[in-house]
Amino acid sequence: AGGGGGVGGGAGGVAGEWGAEVQAVEVFGMPRDGSWTRDSCVSVGTSAGQIEVTDWTCNGWAKYDSWQRYDAVPAAIAQRLGLRSREPGLVLEGGSIDVNGRGALLTTEECLLSKTQERNPEFTREDYAEIFHKYLGVRKVLWLNRGIAGDDTHGHVDDLTRFVNPTTVVTVVE
């Protein structure tokens, strides 16, 4: 857990096997409530040519009581890397959205609009579209009905459909 300098086995070893510049990789640990990094981590983007992070609020998928450490992860990463952090004040997990890098975003009604495991009470499609545009540069939100059956995240799109390049999605059908 701690970081700085080069990286030995583990993630650094795998990154090296994939041809990554391992000397540019820093691994550091921090307290978390579990291993769901994609859901509790930051979104990274640029604004006015500067790299910045978007610090979404985590509330344990509107289901679990232990989420406070998850919610602290984005701010800790921004501080550690010296990056500007923006906080929309919106509950959102990384797995609930997928973007193509060209202004389109996939999500599900089940996850973001349902009253079950409700993340943002009273939020509408239009409210989400406005936030996604402001913080992610999204111009088009593609709403799918629901996620896979039995998913405890209640509809995360990352279990169902993903962009594999800017113009192609892959999906599962149950």
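Above this text sits the structure in question.
Residues numbered from 1 in each chain as written. Predicted model: local features only at pLDDT ≥ 70, side-chain atom pairs only at ≥ 80, totals over all residues. Heavy atoms only, no water.

### A closer look at the overall build of the protein
Point 1. When helices and strands are counted, the protein shows five helices and eight strands.
Point 2. For the protein, the N- to C-terminal ordering of α and β elements is α-α-β-β-α-β-β-β-α-α-β-β-β.
Point 3. For 174 residues, the compact-globule estimate of 2.2 N^0.38 gives 16 Å, and the protein sits close to it at 17 Å.
Point 4. When its C-alpha atoms are laid out on the principal axes, the protein stretches across 45 × 35 × 35 Å.
Point 5. Counting every position in the protein, which comprises 174 residues, the buried fraction comes to 37%.
Point 6. Expressed as a percentage of contacts within the protein between residues at least 6 apart in sequence, the contacts between residues at least 24 apart total 67%.
Point 7. About 9,900 Å² of surface is accessible on the protein, with carbon and sulfur atoms providing 51% of the total. (Helix = DSSP H or I, 4+ residues; strand = E, 2+ residues; numbered from the N terminus. Rg over C-alpha atoms; globule rule 2.2 N^0.38 Å. Buried < 20%, exposed > 50% of the residue type's maximum accessible area, 1.4 Å probe, protein only. Contact = heavy atoms within 4.5 Å. Areas by Shrake-Rupley, 256 points an atom, 1.4 Å probe, with all protein chains shown as cover.)

### Description of the sheet that holds strand β6 (residues 140-144)
By definition, the strands of a sheet pair up through backbone hydrogen bonds, in either a parallel or an antiparallel sense.
Point 1. Read from one edge of the open sheet, three strands run β4-β5-β6, paired in mixed fashion. Single-partner strands in this sheet number two, and they are β4 (98-99) and β6.
Point 2. Here β4 pairs with strand β5 (residues 104-108) via two bridges, running antiparallel. Bridge pairing links aspartate 98 to leucine 106 in β5.
Point 3. Helix α5 (residues 125-136) contacts β5 and β6 of the sheet and is inclined by roughly 135° relative to β6. (Pairing = 2+ DSSP bridges. Axes fitted to C-alpha atoms, helices over the stretch in contact; angles between N-to-C directions.)

### What about the environment of tryptophan 36?
Point 1. Relative to the assigned elements, tryptophan 36 resides in the loop between α1 (10-17) and α2 (37-40).
Point 2. The sequence separation of tryptophan 36 and glutamate 93 amounts to 57 residues, and the corresponding C-alpha distance is 9.6 Å.

### Notes on the pairing of β5
Point 1. For β5, a buried count of five out of five residues is recorded, marking the element as mostly surrounded by other parts of the structure.
Point 2. Alternating residues of β5 divide into Ala104, Leu106 and Thr108 and Leu105 and Thr107, and every residue in both groups is buried.

### Considerations on the side chain of aspartate 151
Point 1. Looking at the secondary structure, you find aspartate 151 in the loop between β6 and β7 (161-165).
Point 2. Buried and unpaired, aspartate 151 has no salt bridge, with arginine 119 as the nearest side chain of opposite charge at 7.3 Å.
Point 3. Looking at aspartate 151, its side chain comes within polar contact range of the main-chain nitrogen of glycine 155, at 3.5 Å.
Point 4. What aspartate 151 contacts, discounting residues up to four positions off in sequence, is His156 and Asp159. (Lys, Arg positive; Asp, Glu negative; His and termini not counted. Salt bridge = Lys/Arg side-chain N within 4 Å of Asp/Glu carboxyl O. Polar contact = N/O pair within 3.5 Å; in protein donor to acceptor, adjacent residues only side chain to side chain.)

### Description of the pattern of salt bridges
Point 1. Across all of its chains, the model carries six salt bridges by this definition.
Point 2. Close ionic contact of arginine 125 with glutamate 109 constitutes a salt bridge, the shortest N to O distance being 2.1 Å. One end of the pair, arginine 125, is in helix α5; the other, glutamate 109, is in helix α4 (residues 109-112), and 16 residues separate them in sequence.
Point 3. Residues lysine 115 and glutamate 118 are paired through a salt bridge, measuring 3.2 Å at the closest nitrogen-oxygen approach.
Point 4. Here glutamate 118 falls in the partly exposed class, since its relative accessible area comes to 27%.

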